[in-house]
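# Fold and contact review
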Amino acid sequence: MQEWKIAYDKWQPEYQQLREALCTLGNGYLAARGAFEENSAEPGAHYPGTYLAGGYNRLTSEITGEKIENEDLVNWPNWLPLTFRCADGEWFDLRKVEVLEFQQELDMHQGLLFRRVHFRDRQGRETSLRSRRLVSMANKNVAALEWELTPLNWSGEIELVAALDGRVTNSGVERYSALKNRHLQAVGQGRDTEDTFFLEVQTVQSKLRMAQAARINIYQEETLLAVERDVELEEGLVAQHLKVLCQQNQPIRIEKIVQVYTSRDQAISEPLHEACKNIKRQGNFEHLLLQHSQAWHRIWRRCDLTITNDVKTQSILRLHIFHLLQTVSAHTVGLDVGVPARGLHGEAYRGHIFWDELFIFPFLNLRLPELTRELLLYRYRRLREARYAATQAGYRGAMFPWQSGSNGREESQVIHLNPESGRWLPDNTFLQRHINAAIAYNVWQYFQATEDMGFMTYMGGEMIFDIAQFWSSIATYNSELERYEIRNVVGPDEYHTEYPGKENTGLNNNAYTNVMAVWVIQVALKLFDILDDSRIEELCQKLSISEQDVQRWMDIAGKMHVPFIQDSHIISQFEGYEQLEEFPWPEYKTKYGEAMRLDRILESEGDNVNKYKASKQADVLMLFYLFSSGELVGIMQQLQYEFRAEDIQDNINYYEQRTSHGSTLSKIVHSWVLSRSDRKRAWRNFEMALVSDVEDIQGGTTAEGIHLGAMAGTVDLVQRGFTGLEIRENVLWLNPVLPEELGSLKFQIRYRNHWISIQLTQETMLISFDKGWSKEVQIGVLGEVYTFKTGDRREFNIGR
Ligand code: BGC
């Protein structure tokens, strides 16, 4: 690993699919996995996937006699194919030649994927291949690759083939193989001009169209070669065959420039027309690379975060920022998309959007808040569907789906396959109503970082009111307890979806859900002071919120039930948690390691994880992740519970021993909540979260798509967790506990229209304030508030 590069110096077929996910290139609109150009999809070996933000399609499959409809992020035509053979040889494939040297690099600074291979074929011919690839950050509809082939000990004619292949299916996840996977139908393919050809496809159900056009040019040094070309056409495939005479030690350079347009694009007439028109306007690879790398430089100038002590950590943090910004970028604006939990990097979770935004938005809020706004609008546009879902379930307000895709209906699967046992099982994780609190929390955090009154007045406020109304209507009054309850839900810990031996699904009084519901209602009440009266009136009329409704909100905000483990100050994950059996952790940890999917393991052993005090991921601890101790104690006081800041540590210890970290999000939360009390343990959790994807700690899941929540979460741990950055009452607070392992830290944030640069060492913190649109901001350091004006620069002593 290098500071700006992830580099592999060996060809290791067993890691190929993992590397393909990690070497994905994208621009927030389109992404392509880092598969080799010469390989098409082969189970277990190669999987070139091409994904489009918001590119979904639905198919119905029959499983165990039941008809099941699923919506998938579609694998679109592969634009990569390029390969060659000598007149008497085989098509190039690394598995069929002797690899003498291999080097692959993901250059994050330029957004470039590079490969160099020196190989010998069965006839003893030695060849060097150098390839470069980009998915343009400068022009979202452009992707390009370049091959430089050098015959090292031979001369002769070669045949090259370059294609656009639309015969692809969604086959990237083995567990989904029993489901229908053919999302595309061919619309047309052909040659346009001498050196350009095109392909057009359409999804079978959502009727999205994609047109790709490619231009192939071959150069010797700077001279464009006139070559013999043939076009091969097949339904869903267009390929150009080219014959070139190669001379020993004289490199030839092949450029494949591609345009991609879809029927979701703005400012177009029709996708194929745009693709064929614009492919002729593109410059050569070098020119495209220059524009592309300049776009990345501009991004890095704002979004980088530098540390001094540790190249590996530095490089992985950059990798995480890189993949986040390849999934959502300035090109996302106007696309009406959310952030898929697994990026645009693979097909796991079918490209659905979950609550992971909670971990992703803080990075964007403090740098590119326009993107958060855009991603929140994705939710806003689906309010109508959320309202319908609430009504159907017998509630009021808006109930957003646990898994979201194209139109905002619930996309959670009805049944899922346990790969450990081969059995299809009901999936009740859709009962995670806490997604609604996450959406409201995200709206509030965005508002805190930007003070965007326009957004809050028109969209944010409406979402918060509608979600508060949902919480109010799902809560029921228990006269015995004299408190409100929320029954039949699932908390963040997805292992527990029902009480053992009970018929009903769902659990009662998941503490996280109940506290979050109270918090949302409190924020909704706060909005009465923030928004203007006339807007409040409009909103209440539009959403049918009456005075009695508001009275009920106030009542719930003071009387929600939060379960505790008997005679203790340990918050109970849900009602009845303490009656569950203790789990034999040592036995399973020895066998399966620190992070394991206990639900699958136990089901395959004929057991049931619902029986045990065993969590998949942080659940109660999420409260200490999202709220400062002061805020949480405040909520508890309002609910008339005796809960002190000192109790938090016992809660952490209690649940730490009972968590299997079956989700990559878990370690982020554990590191965060320990960062102030136990720096060593916090760092160990951070280290594990950091390598979740690069070392694929969940055993094969990264190849199916990166874990964007964990990636963004690690960066956020550094930017907010270790710096103690929080926004409270119009003050940006900093209270650093920088781990020694990081050395020093430097980054910039955008806070309420200002760029603020923060430099930290173990002893000092330097804050400088760039020119911005607002006159001044309040920054609180170690308990004291300072006013910063344009150009101000102050150093603080933070040595403890
Ligand atoms: C986790 C969820 C998460 C989802 C998508 C699941 O394994 O339990 O919390 O939202 O993955 O990342």
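The protein chain goes by Trehalose 6-phosphate phosphorylase in an unreviewed UniProt entry, where it is assigned to Pontibacter korlensis. Under the heading Sequence similarities (unreviewed entry), UniProt records this for the protein chain: "Belongs to the glycosyl hydrolase 65 family."

Within the largest apolar cluster, 229 residues are counted, with the highest numbers of intra-cluster contacts made by Trp355 and Phe624. It is helix α10 (residues 511-530) that provides the largest number of residues to this core, a total of 12 residues. Residues lining this core come from more than one domain, with at least three contributed by each of domain 1 (5-302) and domain 2 (722-800). Excluding residues within four positions of it along the chain, Phe624 makes contact with Ile571, Leu632, Phe643, Ile648, Asn651, Ile652, Trp672 and Val673. Among the nonpolar cores identified, the runner-up in size contains 16 residues, and Phe198, Ile257, Tyr261 and Leu288 belong to it.

All right, on to the UniProt feature "active site" (unreviewed entry) in the protein chain then. Sites flagged by UniProt as "active site" (unreviewed entry) map to Glu494. With respect to the element layout, Glu494 can be found in the loop between β24 (483-486) and α10.

For the rest of this paragraph, the subject is the sheet that holds strand β18 (residues 237-246). Strand order across the open sheet formed by four strands is β7-β12-β18-β17, with antiparallel pairing between neighbours. At either margin of the open sheet sits one strand with a lone partner, and together these are β7 (82-86) and β17 (228-234). On average, adjacent strands in this sheet sit at an angle of 20° to one another, irrespective of strand direction. Pairing of β7 with strand β12 (residues 156-165), which is carried by five bridges, proceeds in the antiparallel orientation. Of the residues in β12, the one forming a bridge with Phe84 is Leu160.

This next bit is on the environment of Glu105. Position of Glu105 relative to the elements: it lies in strand β8 (residues 98-107). A relative accessible area of 11% places Glu105 in the buried class. Sequence spacing of Glu105 and Trp4 is 101 residues, and the spatial spacing of their C-alpha atoms is 9.9 Å. Beyond its immediate chain neighbours, meaning those up to four positions away, Glu105 contacts Gln2, Lys5, Ile6, Ala7, Leu112, Leu113 and Phe114.

Looking now at the packing of helix α5 (residues 357-365) against helix α8 (residues 435-450). At a minimum axis separation of 10 Å, α5 and α8 run at an interaxial angle of 10°. In terms of axis orientation, α5 runs roughly parallel to α8. Across the interface between the two elements, Glu357, Leu358, Phe361 and Asn365 from α5 touch Ala438, Tyr441, Asn442, Gln445, Tyr446 and Ala449 from α8. Residue composition of the contact of α5 with α8, grouped by class: six nonpolar, three polar and one charged.

A few words now on the domain arrangement of the protein chain. What the domain assignment reports for the protein chain is domain 1 (5-302) and domain 2 (722-800). Each of domain 1 and domain 2 has a C-alpha centre, and these two points are 44 Å apart.

Next up on the list: the environment of Ile652. Mapped onto the elements, Ile652 comes out in helix α17 (residues 647-656). Judged by its relative accessible area of 0%, Ile652 is buried. Counting along the chain gives 362 residues from Ile652 to Leu290, while the straight-line C-alpha distance between them is 50 Å. When neighbours within four sequence positions are excluded, Ile652 is seen to be in contact with Leu621, Phe624, Val673 and Leu674.

On to the packing of aromatic side chains. The geometry of an aromatic ring pair is captured by the separation of the ring centres together with the interplanar angle, meaning the angle of the planes. Tallied over the entire structure, the rule returns 43 aromatic pairs. A ring pair is formed by Phe583 and Tyr612, whose centres lie 5.1 Å apart and whose planes are at 75°; its orientation type is edge-to-face. Here Phe583 is found in the loop between α12 (547-559) and α13 (585-592), whereas its partner Tyr612 is found in the loop between α14 (598-604) and α15 (621-626), with 29 residues between them in sequence. You'll find Phe583 and Tyr612 in the same group, each marked buried. Look at Phe624 and Phe643: their rings are 6.5 Å apart centre to centre, the planes differ by 5°, and that puts the pair in the stacked class. One end of the pair, Phe624, is in helix α15; the other, Phe643, is in the loop between α16 (629-638) and α17, and 19 residues separate them in sequence. Across the pair, exposure class does not vary: Phe624 and Phe643 are buried alike. Among the aromatic side chains, those forming a connected cluster through ring pairs are Tyr349, Phe354, Trp355, Phe359, Trp402, Tyr512, Tyr625 and Trp672. It is Arg115 that lies over the ring of Phe36; its NZ or CZ is 4.0 Å from the centre. Sitting over the face of the ring of Tyr176, Arg350 holds its NZ or CZ atom 4.1 Å from the ring centroid.

A few words on the pairing of strand β23 (residues 475-478). Where β23 and β24 come together, four bridges link them in antiparallel fashion. Within the sheet, the bridge partner assigned to Tyr477 lies in β24 and is Tyr484. Connecting β23 to the antiparallel partner β24 that follows it, the hairpin turn spans four residues, and Glu482 within it adopts a positive phi of roughly 55°.

Let us now look at the site of the ligand. Looking at the ligand, the residues that line it are Ala341, Tyr349, Phe354, Trp355, Asp356, Trp402, Glu494, Lys616, Gln617, Ser663 and Leu665. Between an oxygen atom of the ligand and a side-chain N or O atom of Tyr349, the distance comes to 2.9 Å. Burial of the ligand by the protein chains amounts to 94% of its free accessible area of 320 Å².

With that settled, the discussion passes to the UniProt feature "domain: Glycoside hydrolase family 65 C-terminal" (unreviewed entry) in the protein chain. UniProt annotation of "domain: Glycoside hydrolase family 65 C-terminal" (unreviewed entry) refers to residues 725-787 when read in the numbering used here. Structurally, residues 725-787 is divided into 0% helix and 59% strand, and its ends, taken at the C-alpha atoms, are 16 Å apart.

Among the structural elements, Arg318 can be located in helix α4 (residues 311-327). In this structure Arg318 touches Glu3, Trp4, Met108, Trp300, Asp304 and Thr306, once residues within four positions along its chain are discounted.

A word on the packing of helix α19 (residues 679-690) against helix α20 (residues 708-721). At a closest axis distance of 9 Å, the pairing of α19 and α20 adopts a crossing angle of 145°. Here α19 and α20 pass one another in a crossing that is left-handed. Mapping the contact onto sequence places Phe686, Ala689 and Leu690 in α19 and Thr714, Leu717 and Val718 in α20. Within the contact of α19 with α20, the residues separate by chemical class into five nonpolar, one polar and no charged.

We now examine helix α2 (residues 271-279). Within α2, seven of the nine residues are buried, which leaves it mostly tucked inside the rest of the structure. Taken residue by residue, α2 has Pro271, Leu272, Glu274, Ala275, Cys276, Asn278 and Ile279 as its buried positions. Contact partners of the buried residues in α2: β13 (184-193), β14 (196-203), β15 (209-220) and β19 (252-262). Between the side-chain oxygen at the start of α2 and the backbone nitrogen of Leu272 there is a gap of 3.1 Å, and the oxygen is on Glu270.

Calculation criteria
- Residues numbered from 1 in each chain as written.
- Predicted model: local features only at pLDDT ≥ 70, side-chain atom pairs only at ≥ 80, totals over all residues.
- Heavy atoms only, no water.
- UniProt positions renumbered as here; feature names shortened; annotations may be inferred.
- Core = buried A, V, L, I, M, F, W, Y, C linked by side-chain atoms within 4.5 Å.
- Buried < 20%, exposed > 50% of the residue type's maximum accessible area, 1.4 Å probe, protein only.
- Helix = DSSP H or I, 4+ residues; strand = E, 2+ residues; numbered from the N terminus.
- Domains from an automatic or database assignment.
- Contact = heavy atoms within 4.5 Å.
- Pairing = 2+ DSSP bridges.
- Axes fitted to C-alpha atoms, helices over the stretch in contact; angles between N-to-C directions.
- Parallel < 35°, antiparallel > 145°, perpendicular 65-115°, else oblique.
- Nonpolar A, V, L, I, M, F, W, Y, C, P; charged D, E, K, R; others polar.
- Phe/Tyr/Trp six-rings, centres within 6.5 Å; stacked < 30°, edge-to-face > 60°.
- Lys NZ or Arg CZ within 6 Å of the ring centre and 35° of its normal.
- Near = heavy atom within 4 Å.
- Polar contact = N/O pair within 3.5 Å; in protein donor to acceptor, adjacent residues only side chain to side chain.
- Areas by Shrake-Rupley, 256 points an atom, 1.4 Å probe, with all protein chains shown as cover.
- Left-handed = near helix turned anticlockwise from the far one by under 90°.

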